Amino acid sequence: FTNFLSNCSFEQKFISSSLRCCLQLIVDCPSAIQEELDLIRALGYLEEFGVKILPLQVRLCSDRLGLIKDCLSQLPTNYKQSAKLLGLANLLRVAGDDQVERKGQVLILLVEQALSFQDYKAASMHCQELMTAGYAKSWEVCSQLGQSEGYHDLGMRQELMAFALTHCPPSAIEALLGVSSSLQTQILYQAVNYQLLPSEGGENVNTSGPSSLMSKDTESADLLYWTTTKTMKVLSNTTMTTKAMLHAVSDGQWWKRSLTYLRPLHGQELGDVLKSGLGENVTVEKQGCHPFYESLIADPYVAEVSFILLQLASDALPNDMALALAYLLALPQVVDANKCFEKQLHSAISLQLASYYYSLQIYARLAPCFKDKCHPLYRVDPEELIKMVTQHVTQYAYTDWPEEIATLINQLHYYNERLLDFTQAQILQGLGKGVDVQRFTADGQYKRETILGLAETLEEKVYKIAVSLAQRHSVPLWEVYMIHLEFLFTDSGLSTLEIEERAKSLGLFETLKSSPETLYEHMVKYVYPSIEGRDHQRLLYYFTLLENCGCSEVVKHAVKPETHIRLLKKFKAVAPGLNYKKLMDENENPLETLEPILTSQNILSISKLAPKIPKKDGSMLSPSSLYAVWLQNLFWNGDHHLIKKTPETMDELLHAYDVCSKYFDRLDPDDIITFIDEITFSSKAVTKLPVEARIEVTKKAVKAVKHLSEKSRKKHSENEMEDTKNPAVAYEKTLNHLQQSLAHLETLTHSFITYLKNSEQDVLQNYGYLYDLSRSERDQIHEQAVTMCIDGQPLDMIQQLIEVAVGDLCLSTKDIVQCAIKKIICMLSSGNDGSTSVKDPLGILEGIVSAVHASVEKGEKVVSSDDLLEWLRPFCGDDSLPVKPRIKVLQILEQAFHLSDEDSKLLVYFRTQAVLRACWPETKVEITDIESEEKRCELFLRLLESSHKPSEFQHLVLLLQAWPPMEMSNDNPWVKLVIVMLQRYPPEERDSMGNEILKICRSLYDTKYKLPVECIKELCLLLLDHSLLLPSLKLLVESMDQDLHTMALKQITAVSKVDDSNCDAEILSLLLNAKLVVKCISTAFYPRLIDHLLANQAEGSWDVEEIAKQLKEAGFNAEAGSLLLSYRGTHPALRTFTSALQTIQHWI
């Protein structure tokens, strides 16, 4: 399993699923198996996060935490899926078996990602988890959040800094103490400002910052001075009371912590607090005071204390729940307690406390308590109280409660629901299904997906929980049942009978049938693809389910579920190996699907089903077509009952035909043709059956069809009706077809066809084979003749093929050649000029023209040169097509035929027009403008004078090649062209210009335009004048003229330093080809020449020993010996002058 999973690719998801199913079969599930299962699940998680990685890569990955980082990097918001990432870390065994270390490492990554997006809420939540776990390594991210100015929860920031100070290294303490001190100061400022500013009032109070607060110092001082006397009196009178209270509070740090954490209400800025106080004591008609002094001042103004009580309750809750509840019960506004409850991490205790709080509040309002002593209400078991109050308000749900109590009841219901959600989520977590309890409680979408995911199980307990959760959380039961049914079909591993029994016992269909259209769409999309085509039992149940749920009306396919049921019941009995899904696939040929399973035992039964089986075009199969397919298989392969041995000899094949012919009365006339053509004109027939046997079979078929035709004629006459069609007419068509086949088979003995079949050339044998299969049908003969023409076969061979074929095909060799020419023109027009193909269109055209030329030379009047000109003239004159292929076409014609003067002038005119229209469309010429060399030269010079672009010079080259060579001795047009190019090319394109001139000169080699030695010399001098040494040397060396070689050597000798501007691999090869090594020995080129020789001797086919011999004969013994030493691989340390001289004496 390990190796198989490791070799899976990204696309082979079904392999992972199959492996998981196999591993789950192991009941005891040892640790090794659990690791494999976790790896498979981890691969799914990684793919969900967008990480593409092979199973083998995961297995070999030593840094598993790096995979978590990859998940976070795929999408900026991935850090929000904390539960899934922690689950993935568990599956990947991050940090080995140390779960605390694992969770700590992942949470640190999540905090860092959240901070990078300034998501302080998420960062705070994860930091609190880290602090709760006491994970010391998280001190750094905790300090980062604590120092984040954008995070306004100063208390939490202080706690974060305290944790960081506890766990940081000594070197960081000083910096963190400074930040912590700054936070402490901020909190004190906030508390003092809150105590002072609400009593100041005034519409112009500015709370934008410390400066605005300082501006009010004078007024605050006055206010404090005015109340000093009364305050001192209050303090002196309450000394004993204060001592008693401090004694009652057991924690000695209570006042210190309370004052430290004084702050505005959670979530409010300082300005919000001031704003909420505006208008309450604006005119300062009452003395403002702390609630502590409320009872001692007559008619006081007391500021809002809810935020203090809430903070006290939040701080006390982890350590003293009763004290926290006391703070909450003291709130002026009851529902403000929600702010405390919502700040806590949801747990069973915190949610139950909220329910208990609202139960107390409701009970106290419905049955007021005595104020002078502790009421028994507060001694009742909280769980009993919650239950009693909930039952009461539920029983009287339709009572018209006062608005205050109705609000409290809603809150009670809300927290009861949350508690129930949490309890159920914990149960799910205990099941080991990977449910994130916190997220399940808060995320509606996650809750829905979790419930539906739990429905994919065979465990009764889990399934019942899923159904219960769905009912509680408004997830439609229809979806739960549909998901469960899909699971039963796809991943449960149950047999069809077990699926049927379970679906029935659970009562799924009573609900599912309420929405037949949605049910059908879901089953088709998710369930049907999972069913194997040969599993008739499963398919039968599938379609029965659709039928029973009323899906027939919504099925748009031609075959309804009822029909599928009938077909499957029959196929299950007579053809268990049939791929039924492939049979019904609209993209498949049903006859090809049925052919392997048809036998003499089931053909009758299946043929009766044929009218219910659709074809690709939407029509239905006919019984006749099934018999035709079966008979073909019967003829070639035999049958266990009718033809027990596969027919091989001619007698066996004829006997097989006789057996098949007994079923002709079951075939339509067209299917008789199909069957006879298969056994006489298929590739298998041509290979396995001798011509005599095919003729004999066809004769027997003609006889049988005549008998059937006569029989149908008599039957029609006996039952003659006005509107019925006479079947004898169809048999007449079949008879004509068979007689055509018989006549064609008899032509196979013709000498021409025998010559083709017996030829040693594969191409001719293929012609014979194609003719054999053609049945002398016009389209096939025409296609074959065109193929032969394109292949360049002689026209008389094409003519013979047409003459041998049976019947009047209305074909001529001229038609064939014309069609081939059109194909070539089509290829050339589409841009395929043959530059990349092995057999290019121009090469094909040249072969056709050669064949026509040979035919004309023999005196055959089949196709003439005029015909070719007529067919090719529109292509050559089409200005929208490239110039090059059009000119090449005209050159091919000119080379093949001895054209008359008029035709030659016409060709020159066409060529000229083609070039001019491509580059100088405004220049118009007539045939008289280019009929003489003088006029052509005049036109050339005029165009040369106006040319400045490289493309214009290239077209001038084409123009000179389109004309006959000019016999001008002095003013050679090629020289003139090069002179102007050198003058008008930009200086920065000098090198490319030299290569272009070299290319032009080389294109003239082996043509009638080849330049004389004098012109080459003149061109080289021009190149040298423009400092283009390298192209000049190449022209001189490859000319093979001694004078030009001497000129080249003179230039080479003058070179003192060899570099890329004057030497490359090509010039070195040319010097070696010209055998100029000896003459270059005194030049700077010689070392490079020898290096090139030794490095490329295999490619250049140069004889090193021959060159060494030439050097020796020229008196360069040391050089010759050194060359041989290098050639034969002698160590450089041994290549001395003495050894070189000795070597040359020994080896040559």
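Here the structure is a predicted model, which means the values were calculated and not measured.

Enquirer: Just checking my understanding: could you explain the overall build of the protein for this structure?
Expert: What the protein contains, in helices and strands, is 63 helices and two strands. Burial statistics for the protein: of 1148 residues in total, 46% are counted as buried. Contacts in the protein between residues at least 24 apart in sequence constitute 61% of all its contacts with a sequence separation of at least 6. Accessible surface, the protein as shown: approximately 60400 Å² in total, 52% of it carbon and sulfur.

Enquirer: What exactly am I supposed to notice about the packing of helix 8 (residues 120-133) against helix 10 (residues 154-167) here?
Expert: Each packed pair of helices is defined by two parameters, the angle between the axes and the distance between the axes. The contact between helix 8 and helix 10 brings their axes to 11 Å, and the two run at 40°. Relative to helix 10, helix 8 is oriented oblique. Here helix 8 runs over helix 10; the crossing is left-handed. Across from Ser124, Cys127, Gln128, Leu130 and Met131 in helix 8, the residues of helix 10 making contact are Met156, Glu159, Leu160 and Phe163. Across the contact of helix 8 with helix 10, the residue classes break down as six nonpolar, two polar and one charged.

Enquirer: Which parts of the structure should I look at to understand unusual backbone geometry?
Expert: Here serine 474, not a glycine, exhibits a phi torsion of approximately 60°, which is positive. Mapped onto the elements, serine 474 comes out in the loop between helix 26 (460-472) and helix 27 (477-490). Positive phi values are uncommon outside glycine, yet arginine 775 reaches one of about 60°. Relative to the assigned elements, arginine 775 resides in the loop between helix 43 (762-774) and helix 44 (778-790). Assessed through its relative accessible area of 5%, arginine 775 is described here as buried.

Enquirer: What exactly am I supposed to notice about a nonpolar patch on the surface here?
Expert: Among the surface-exposed residues, Leu54, Leu56 and Leu60 lie close enough to one another that they form a single nonpolar patch of about 260 Å² accessible area. Relative to the assigned elements, leucine 54 resides in the loop between helix 3 (31-48) and helix 4 (55-60).

Enquirer: Help me out: how do you make sense of helix 51 (residues 933-946) in this one?
Expert: It helps to recall that an α-helix has 3.6 residues per turn; residues three or four apart then point in one direction. Taking 1.5 Å per residue, 14 residues should reach 20 Å; helix 51 reaches 20 Å between its end C-alpha atoms and fits that length. Where helix 51 is concerned, the buried positions are Arg936, Cys937, Leu939, Phe940, Leu943 and Leu944. Looking straight down helix 51, one finds that the buried residues subtend no more than 160° of arc, so they occupy a single side. In helix 51, the exposed residues that point more than 90 degrees away from the buried face are Glu934, Glu938 and Glu945.

Enquirer: Teacher, can you tell me more about the packing of aromatic side chains here?
Expert: Centre-to-centre distance and the angle between the planes together describe a pair of aromatic rings. This structure, assessed with the given rule, holds 20 aromatic pairs. Between tyrosine 357 and tyrosine 358, the aromatic rings sit 5.0 Å apart at their centres with planes inclined by 80°, giving edge-to-face as the arrangement. The pair formed by tyrosine 357 and tyrosine 358 is uniform in burial state, with each residue classed as buried. An aromatic cluster is built from Phe341, Tyr357, Tyr358, Tyr414 and Tyr415, whose rings are joined through pairwise contacts. A cation sits over an aromatic face here: lysine 581 above tyrosine 528, 4.7 Å from the ring centre. Residue placement shows arginine 694 over the ring face of phenylalanine 681; its charged tip is 5.4 Å from the ring centre.

Enquirer: Just checking my understanding: could you explain a negative patch on the surface for this structure?
Expert: On the surface, Glu926, Asp929, Glu934 and Glu938 cluster together into a negatively charged patch. Along the chain, glutamate 926 turns up in the loop between helix 50 (901-919) and helix 51. For glutamate 926, a relative accessible area of 49% translates into the label partly exposed.

Enquirer: Is there a simple way to think about the confidence of the model for the protein in this case?
Expert: Interpreting fine coordinate detail is not advised for predicted regions of low pLDDT. In this model, the protein carries an average pLDDT of 81, and 83% of its residues clear a pLDDT of 70 or more. pLDDT under 50 marks residues 195-279. Its contacts with residues more than four places away, or in other chains, come to 62 contacts. Here residues 833-838 is modelled with pLDDT under 50, and outside its nearest four sequence neighbours on either side it reaches seven contacts, counting other chains as well.

Enquirer: I'm lost on helix 48 (residues 865-876) in this one. Help?
Expert: With twelve residues, helix 48 extends 15 Å from end C-alpha to end C-alpha; this agrees with the ideal 16 Å at 1.5 Å per step. Of the positions making up helix 48, those classed as buried are Asp867, Leu868, Leu869, Trp871, Leu872, Phe875 and Cys876.

Enquirer: What's the story with the environment of valine 856 in this structure? I'm lost.
Expert: Structurally, the position occupied by valine 856 is in helix 47 (residues 841-857). Sequence separation of valine 856 and leucine 795 is 61 residues, and the distance between their C-alpha atoms is 10.0 Å. Other than its neighbours up to four places away in sequence, valine 856 contacts Val863, Ser864 and Phe897.

Enquirer: Sorry if this is basic, but what is going on with the side chain of arginine 694 here?
Expert: You can see arginine 694 is positioned in helix 40 (residues 691-718). In this structure arginine 694 comes out as buried when scored by relative accessible area, which is 1%. Setting aside its immediate chain neighbours within four residues, arginine 694 contacts Thr680, Phe681, Ala685, Val686, Leu689, Leu745, Leu748 and Asp772.

Enquirer: What's the story with the state of the cysteines in this structure? I'm lost.
Expert: Defined simply, a disulfide is a covalent bond joining two cysteines at their sulfur atoms. Scanning the entire structure with this criterion turns up zero disulfides. In this structure cysteine 549 is a free cysteine whose sulfur lies 5.7 Å from that of cysteine 551, the closest cysteine sulfur available.

Enquirer: Explanation requested: the environment of proline 590 in the structure shown.
Expert: On the secondary structure map, proline 590 appears in helix 34 (residues 590-594). Proline 590 sits in the buried class, given a relative accessible area of 2%. Sequence spacing of proline 590 and alanine 610 is 20 residues, and the spatial spacing of their C-alpha atoms is 9.9 Å. For proline 590, the residues in contact, after removing those within four places along its chain, are Leu583, Ile613, Pro614, Lys615 and Leu621.

Enquirer: Honestly, the packing of helix 46 (residues 813-829) against helix 48 in this entry has me stumped. Any pointers?
Expert: Packing of helix 46 against helix 48 leaves a shortest axis separation of 11 Å and a crossing angle of 25°. Taken together, helix 46 and helix 48 sit at an angle that is classed as roughly parallel. The chirality of how helix 46 crosses helix 48 is right-handed. Contacts from Lys814, Val817, Gln818, Ile821, Ile825, Leu828 and Ser829 in helix 46 reach Asp867, Leu868, Trp871, Leu872 and Phe875 in helix 48.

Enquirer: In this structure, what is going on with the side chain of asparagine 602? I would like to understand it.
Expert: Here asparagine 602 is to be found in the loop between helix 34 and helix 35 (603-609). By relative accessible area, asparagine 602 is classed as buried at 5%. Residues in contact with asparagine 602, not counting those within four places in the same chain, are Val574, Ala575 and Ile597.

Enquirer: Before we go on, may I ask you to explain the environment of phenylalanine 543 in this structure?
Expert: You can see phenylalanine 543 is positioned in helix 31 (residues 536-548). Overall, phenylalanine 543 belongs to the buried group, its relative accessible area being 6%. Considered as a pair, phenylalanine 543 and lysine 560 are 17 residues apart in the sequence and their alpha carbons are 8.8 Å apart. Among all residues touching phenylalanine 543, those that are not within four sequence positions of it are Tyr528, Pro561, His564, Ile565, Leu568 and Tyr580.

How each quantity is defined
Residues numbered from 1 in each chain as written. Predicted model: local features only at pLDDT ≥ 70, side-chain atom pairs only at ≥ 80, totals over all residues. Heavy atoms only, no water. Helix = DSSP H or I, 4+ residues; strand = E, 2+ residues; numbered from the N terminus. Buried < 20%, exposed > 50% of the residue type's maximum accessible area, 1.4 Å probe, protein only. Contact = heavy atoms within 4.5 Å. Areas by Shrake-Rupley, 256 points an atom, 1.4 Å probe, with all protein chains shown as cover. Axes fitted to C-alpha atoms, helices over the stretch in contact; angles between N-to-C directions. Parallel < 35°, antiparallel > 145°, perpendicular 65-115°, else oblique. Left-handed = near helix turned anticlockwise from the far one by under 90°. Nonpolar A, V, L, I, M, F, W, Y, C, P; charged D, E, K, R; others polar. Patch = residues over 30% accessible without salt bridge, like charges linked within 9 Å, V, L, I, M, F, W, Y side chains within 5 Å. Salt bridge = Lys/Arg side-chain N within 4 Å of Asp/Glu carboxyl O. Expected span 1.5 Å × (residues − 1). Arc of directions from axis to C-beta. Phe/Tyr/Trp six-rings, centres within 6.5 Å; stacked < 30°, edge-to-face > 60°. Lys NZ or Arg CZ within 6 Å of the ring centre and 35° of its normal. Lys, Arg positive; Asp, Glu negative; His and termini not counted. Charge placed at Lys NZ, Arg CZ, Asp CG, Glu CD. pLDDT = per-residue confidence, 0-100. Disulfide = S-S within 2.5 Å.

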